[in-house]
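# Geometric and topological summary
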Amino acid sequence: MKRVIVIGSGLGGLQCGYIMSKRGMKVTVLEKHSQAGGCLQSFRRGNYVFDTGFHYVGGLDEGQPLYRLFDFFGLTHLQWVRLDENGFDEVVFGDKSYLLPNGYNRFVDALAQYFPHQHSNLRQYTEILKQVGNNIFDINTQDIFSNGSAFGQSASSFVNQTITDPLLRNVLSGASLTMELKPDSLPLYTFAQINSSYIQSAWRLRGGSSQIIDSLVKSIENNGGIVRTSAEVTELIENNGVITSAVVNGEERLEADCFIADTHPSVAVNLVRNSTKIRKIFRSRINSLANTFGIFTVHLALKPNTVRYRNRNIHIHKSDNVWKLYDYIHDNINAYIMLSFQPPNDNSMFTNNIDILTIMYSEEVEQWRNTTIGKRGADYSDYKRLKADACVRLAAEYLPELNNAIDRTHSSSSLTWRDYTGSPNGSAYGIRKDCNALHTTVLSPRTPIPNLLLTGQNLNVHGILGVSMTAFLTCNEPIPNPCPLVPS
């Protein structure tokens, strides 16, 4: 029986553990923290349950891409809540709101009511998104690097060439906390695949994202696998050009035939201290890759029956160009927030908690870069409080009832994300994919060491759908008797 060690218990790591254990392999998932799940962890404060990195998914209706994947992983039975088909996202610029509905035709018709002169352009725009969305399971490495690939085209160029109205460009890109809108590098494929999935259908999960983790862990264990927490891999031992064992917590050695790292690639590579396969130039390239910005989240615990539940996300913008938000300048701080409402657990019309998310640039927290959780000092707490207050004030301009509804406030920064997930600088979407440099920023699951594989959001496409697809790509590397890439 083949032995597989998975390093990291984020979504990609657990999905790889599920696939391999289902194939009959002996799987051990090792997680350095006390709780499995990475950015899918939930946490409880009193009677309130908050999610960390999970807020909504797309393409989960029966027959759609994420449904096919989640059905394979046994995740379709969870308490999924379909967002409003007439407006799963609401994008706010100034005093005007724009609803983004489900369905390609409905999407075009609804936005054409706001922008009638752009009707044909909207049709062309959605046709490209639909084309990418319909072919995501057919993508392979050869397609990624071929001439004319959607990976090799700039998303901003596509939007600018297709849509001539500047405001409509902003509206179509307004739900931009699903990706980093860096105009000179973001691949069209990333933009189109993510937006297409949400146009197909959009969903929240009632009761917390940890249900996804709990289900995958239980399935792995039912398949004979093991998921260990408080088990940090501190070194990978290479002998004769292959990894033979993982050192856990600096002491214990575990042997295996295959090792899968659900970590940032730089973390995985640096675990192999002495290698005949990993050259210095490869280490340098991986360690120097640019990463996307982070996310600051304000978790609001609300007084009972004070804020009506909205079955959509609300994106509020103070910037006149969402494609400039990726760049750190003072005017961009808190210029955009996203509101995500926790579905009530009963038939109440009111929500118990709201997450407010905004961009966090590494420059904002540079002075605390070398600190750890709980040891950052009063200045850091003050900065978080000021940033949280600014986010709440902006949210209250749209939801004035918030002013008297907040019971307590919690917040997390990109440094929190960094310390819990290991992502450099708390990067929200991992390595920054560059349509002009695909061979260096879009990574293969393979490494120079044949039995050390990578998985997760850093490889090709981030997000729940992208990570789920990548898990299959990783597990279809040279492992005996692979199952089909796409679950039937």
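The coordinates are above.
Residues numbered from 1 in each chain as written. Predicted model: local features only at pLDDT ≥ 70, side-chain atom pairs only at ≥ 80, totals over all residues. Heavy atoms only, no water.

### A closer look at the sheet that holds strand β19 (residues 406–412)
One open sheet accounts for seven strands, arranged β8-β7-β16-β17-β18-β15-β19; its pairing is mixed. The sheet is open, and its two edges are formed by β8 (96–100) and β19, each paired on a single side. Taken over all neighbouring pairs, the strand axes of this sheet differ in orientation by 20° on average, direction set aside. Examined bridge by bridge, strand β7 (residues 89–93) and strand β16 (residues 313–317) share five bridges and lie parallel to one another. (Pairing = 2+ DSSP bridges. Helix = DSSP H or I, 4+ residues; strand = E, 2+ residues; numbered from the N terminus. Axes fitted to C-alpha atoms, helices over the stretch in contact; angles between N-to-C directions.)

### Quick notes on helix α12 (residues 378–398)
In a regular helix each residue adds 1.5 Å, so 21 residues correspond to 30 Å; α12 covers 31 Å between its end C-alpha atoms and thus fits that length. Buried residues along α12 sit in contact with β15 (294–302), β16, β17 (336–341), β18 (353–360), β19 and α13 (414–421). (Expected span 1.5 Å × (residues − 1). Contact = heavy atoms within 4.5 Å.)

### Focus on the pairing of strand β3 (residues 42–45)
In this structure, β3 lies alongside strand β4 (residues 48–51), joined through four bridges in antiparallel fashion. Paired with Arg 44 across the bridge in β4 is Val 49. The loop that links β3 with its antiparallel partner β4 comprises two residues; one of these, Gly 46, has a positive phi angle of about 65°.

### Topic: the packing of helix α3 (residues 104–114) against helix α4 (residues 119–134)
Axis separation between α3 and α4 bottoms out at 9 Å; the angle between their running directions is 150°. Classified by the angle between their axes, α3 and α4 sit roughly antiparallel to one another. α4 is crossed by α3, and the crossing has right-handed handedness. Residues Tyr 104, Asn 105, Phe 107, Val 108, Asp 109, Leu 111 and Ala 112 of α3 form the contact with α4, whose participating residues are His 119, Leu 122, Arg 123, Tyr 125, Thr 126, Leu 129 and Lys 130. (Parallel < 35°, antiparallel > 145°, perpendicular 65-115°, else oblique. Left-handed = near helix turned anticlockwise from the far one by under 90°.)

### Side note on the pattern of salt bridges
Here the structure, examined in full by the defined rule, presents 20 salt bridges. With a closest N to O distance of 3.3 Å, Glu 235 and Arg 273 form a salt bridge. Taken together, the positions of Glu 235 in strand β11 (residues 233–239) and Arg 273 in the loop between α10 (265–271) and α11 (280–288) put the pair 38 residues apart, joining distant regions of the chain. The exposure class of Glu 235 is buried, given its relative accessible area of 16%. Taking relative accessible area as the criterion, Arg 273 reaches 52% and is therefore assigned exposed. (Salt bridge = Lys/Arg side-chain N within 4 Å of Asp/Glu carboxyl O. Buried < 20%, exposed > 50% of the residue type's maximum accessible area, 1.4 Å probe, protein only.)

### Structural notes on the packing of aromatic side chains
Counted under the stated rule, the structure contains 22 aromatic pairs. Considering the side-chain rings of Phe 88 and Tyr 198, the 6.5 Å spacing of their centres and the 25° angle between planes classify their relative orientation as stacked. In this pair, Phe 88 is assigned in the loop between β6 (80–82) and β7 and Tyr 198 in helix α8 (residues 188–200), connecting sequence segments 110 residues apart. Residue Tyr 198 is classed as buried on the basis of its relative accessible area of 11%. Ring geometry for Phe 151 against Tyr 189: centres 4.3 Å apart, planes inclined by 15°, an arrangement best described as stacked. (Phe/Tyr/Trp six-rings, centres within 6.5 Å; stacked < 30°, edge-to-face > 60°.)

### Considerations on the sheet that holds strand β2 (residues 26–30)
Taken in spatial order, the five strands make up an open sheet running β10-β2-β1-β14-β20, and their pairing is parallel. At either end of the open sheet lies a strand with only one pairing partner, and these are β10 (226–228) and β20 (452–454). In this sheet, adjacent strand axes meet at a mean angle of 20° when their direction is disregarded. In the sheet, β2 pairs with β10 via three bridges, with the strands oriented parallel. Directly across from Thr 28, in β10, lies its bridge partner Ile 226. Across the sheet, helix α1 (residues 11–22) lies against β1 (3–7), β2, β10 and β14 (258–261), angled at about 170° from β2, the strand it touches most.

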